[in-house]
Every structure is written in structure tokens, then in C-alpha cells.
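What the coordinates show
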Amino acid sequence: MTDISLKDSGNRLTADIDGHEAEIRYGWASKDVMRVDFVGVPRELGGRGLGTKMVGALVEKAREEDFRLKPICGFARVQLQRHKEWHDVLA
């Protein structure tokens, strides 16, 4: 679905896009439920749908690593609700 590669650095997943860093901040609600606290894309990259692509990359990661997502971030919550094909990873 996406060509964004997420790098895990503790409580942050980052992606280098055109020399800028986009991020997802997270924590664990339980051993198999990731809390999505924040999705951020620099202004310089705005308007390209990259926030949605970041969430999509996280959905793929959740499927591959067998965990669910609990969106705390309003943007992540809206995107996960909007995309019915992602509902399988919702906690």
C-alpha cells in the first residue's frame, strides 16, 4: 500500500522523506496493543497525503508483527476509522 519505510527508535517510528523526518509516537497499552499517540509530518511535506501513508505503513507493521492499534491521536483515529480495510488492526 505504501512505499514508506518506518524505522523504530524506541517510542518513535520515523521515516525520512525528501530530507525531512515524519514521525509516529507510540507506547504500549498492553503487550499486543500499541497506543498511537501522535502522527506528525513536517509542513514542508504537507498536502501530499503522507500522514495517511504513515498510518498505512503502521497498519502493515501491525499486521506483520501481530499487534493491534489503539489510536489516541485524533488524526490516526480518523484515518483508521475512514479506511475500513484497516479495521482488522483496531484494538
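Just so it is clear, the model here is predicted, and its values are computed rather than measured.

A few words now on the sheet that holds strand β2 (residues 12-17). The strand order β1-β2-β3-β4-β5 describes an open sheet built from 5 strands, whose pairing is mixed. Looking at which strands have only one partner, the edges of the open sheet turn out to be β1 (7-8) and β5 (68-71). Summarising the sheet, strand β3 (residues 20-30) and strand β4 (residues 33-40) pair through 7 bridges and their orientation is antiparallel. Bridging from a neighbouring strand, G27 pairs with R35 of β4. Here helix α2 (residues 74-82) sits on the sheet and contacts β4 and β5; the angle it forms with β5, its principal contact strand, is near 125 degrees.

In the structure shown here, the tally under the stated rule is 2 aromatic pairs. The interplanar angle of 85 degrees and the centroid separation of 6.1 Å between the aromatic rings of Y26 and W28 together place this pair among those described as edge-to-face. Of the residues examined, Y26 reaches a relative accessible area of 5% and is grouped as buried. Between W28 and F67, the ring centres sit 5.2 Å apart and the planes meet at 80 degrees, which makes this aromatic pair edge-to-face.

Note: most peptide bonds trans; most residues except glycine with negative phi. Unusually for a residue other than glycine, D18 sits at a positive phi of about 50 degrees. If you trace the backbone, D18 turns up in the loop between β2 and β3. With relative accessibility at 56%, the residue D18 sits in the exposed group. Backbone geometry places D66, a non-glycine residue, at a positive phi of 60 degrees.

Before going further, it helps to spend a moment on the side chain of E23. By secondary structure assignment, the location of E23 is in strand β3. A residue is classified by how much of its surface remains accessible, and E23, at 13% relative accessible area, is buried. Here R25 takes part through its side chain, which lies 3.1 Å from a polar atom of the side chain of E23. When sequence neighbours within four positions are dropped, the list of residues in contact with E23 reads R12, L13, T14, F38, V39, G40 and M54.

This paragraph deals with the pattern of salt bridges. Per the counting criterion, the structure on display carries 7 salt bridges. Between R12 and E21 there is a salt bridge, with its nearest N and O atoms 2.6 Å apart. Exposure remark for R12: the relative accessible area of 27% places this residue in the partly exposed category. By relative accessible area, which is 47% here, E21 ends up partly exposed. The salt bridge partner of R35 is D37, with a shortest N-O separation of 2.7 Å.

Thresholds applied
- Residues numbered from 1 in each chain as written.
- Predicted model: local features only at pLDDT ≥ 70, side-chain atom pairs only at ≥ 80, totals over all residues.
- Heavy atoms only, no water.
- Pairing = 2+ DSSP bridges.
- Helix = DSSP H or I, 4+ residues; strand = E, 2+ residues; numbered from the N terminus.
- Contact = heavy atoms within 4.5 Å.
- Axes fitted to C-alpha atoms, helices over the stretch in contact; angles between N-to-C directions.
- Phe/Tyr/Trp six-rings, centres within 6.5 Å; stacked < 30°, edge-to-face > 60°.
- Buried < 20%, exposed > 50% of the residue type's maximum accessible area, 1.4 Å probe, protein only.
- Polar contact = N/O pair within 3.5 Å; in protein donor to acceptor, adjacent residues only side chain to side chain.
- Salt bridge = Lys/Arg side-chain N within 4 Å of Asp/Glu carboxyl O.

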